[in-house]
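Residue-level listing of the chains:
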Amino acid sequence: QVQLVESGGGLVQAGDSLRLSCTASGRTFSSYSMGWFRQAPGKEREFVAAISGGGGMTYYADSVKGRFTISRDNAKSTVYLQLNSLKPGDTAVYHCAATRSALRAVRGSSDFGSWGQGTQVTVSS
């Protein structure tokens, strides 16, 4: 298990940008595929984006493709989520998650064994 701590959330207006960070404990960060998920009030948790351990493979939900970018810095044990052109519908608690599985083998959130506490993103219209 790896410990994850997110930061960077906040209250912004529609069209603004934010960058979320998720820093992991331990010295084997590059062996983990990382994901970002979000959960809005009254809704189920949904996948946002994921990145392979080396950073060469990324996946995005259709709802954020072209607006959000996931990246990682393994030297800093940190994964980022750049959120651009934010919409009120992006309002949610954003969680990062880690899995030792290869990204191509991941099928859903249940494959991720470590989760951060989340950071709130609120987008006003």
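Scroll up to find the structure.
Throughout, a residue's number is its position along its own chain's written sequence, starting from 1. Under the rules for a predicted model, residues below a pLDDT of 70 receive no local features and side-chain atom pairs below 80 are neither given nor counted, while totals for whole chains, interfaces and linings still include all residues. To obtain the side-chain values, all non-hydrogen atoms of the structure were used and water was disregarded.

**A word on the overall build of the protein**
Working definition: helices are DSSP H or I runs of at least four residues, strands are E runs of at least two. Numbering for both runs from the N terminus. Each helix and strand in the protein was counted, giving zero helices and eleven strands. Listed by position from the N terminus, the elements making up the protein come as β-β-β-β-β-β-β-β-β-β-β. Throughout, the radius of gyration refers to the C-alpha atoms, and the reference size of a globule is 2.2 Å times the residue count to the power 0.38. In terms of overall size, the protein behaves like a compact globule, its C-alpha atoms giving a radius of gyration of 13 Å where 125 residues would be expected to give roughly 14 Å. Reported as C-alpha extents along the three principal axes, the dimensions of the protein are approximately 40 × 25 × 25 Å.

**Section: the state of the cysteines**
In protein chemistry, a disulfide is the covalent bond that joins the sulfur atoms of two cysteines. Two cysteine sulfurs form a disulfide in these notes if their separation is within 2.5 Å. Applying the stated criterion across every chain yields a total of one disulfide. Cys 22 shares a disulfide with Cys 96; S-S distance 1.9 Å. On the sign convention where negative is left-handed, the bridge of Cys 22 and Cys 96, at about 50° about the S-S bond, is right-handed. In this pair, Cys 22 sits in strand β3 (residues 18-24) while Cys 96 sits in strand β9 (residues 92-99), placing the two residues 74 residues apart along the sequence. Assigned by exposure class, Cys 22 and Cys 96 land together as buried. Summary of the burial criterion: residues with accessible area below 20% of their type's maximum are buried, those above 50% are exposed, and those between are partly exposed, where the area comes from a 1.4 Å probe applied to protein chains only.

Function-wise, these values are silent; they only describe arrangement.
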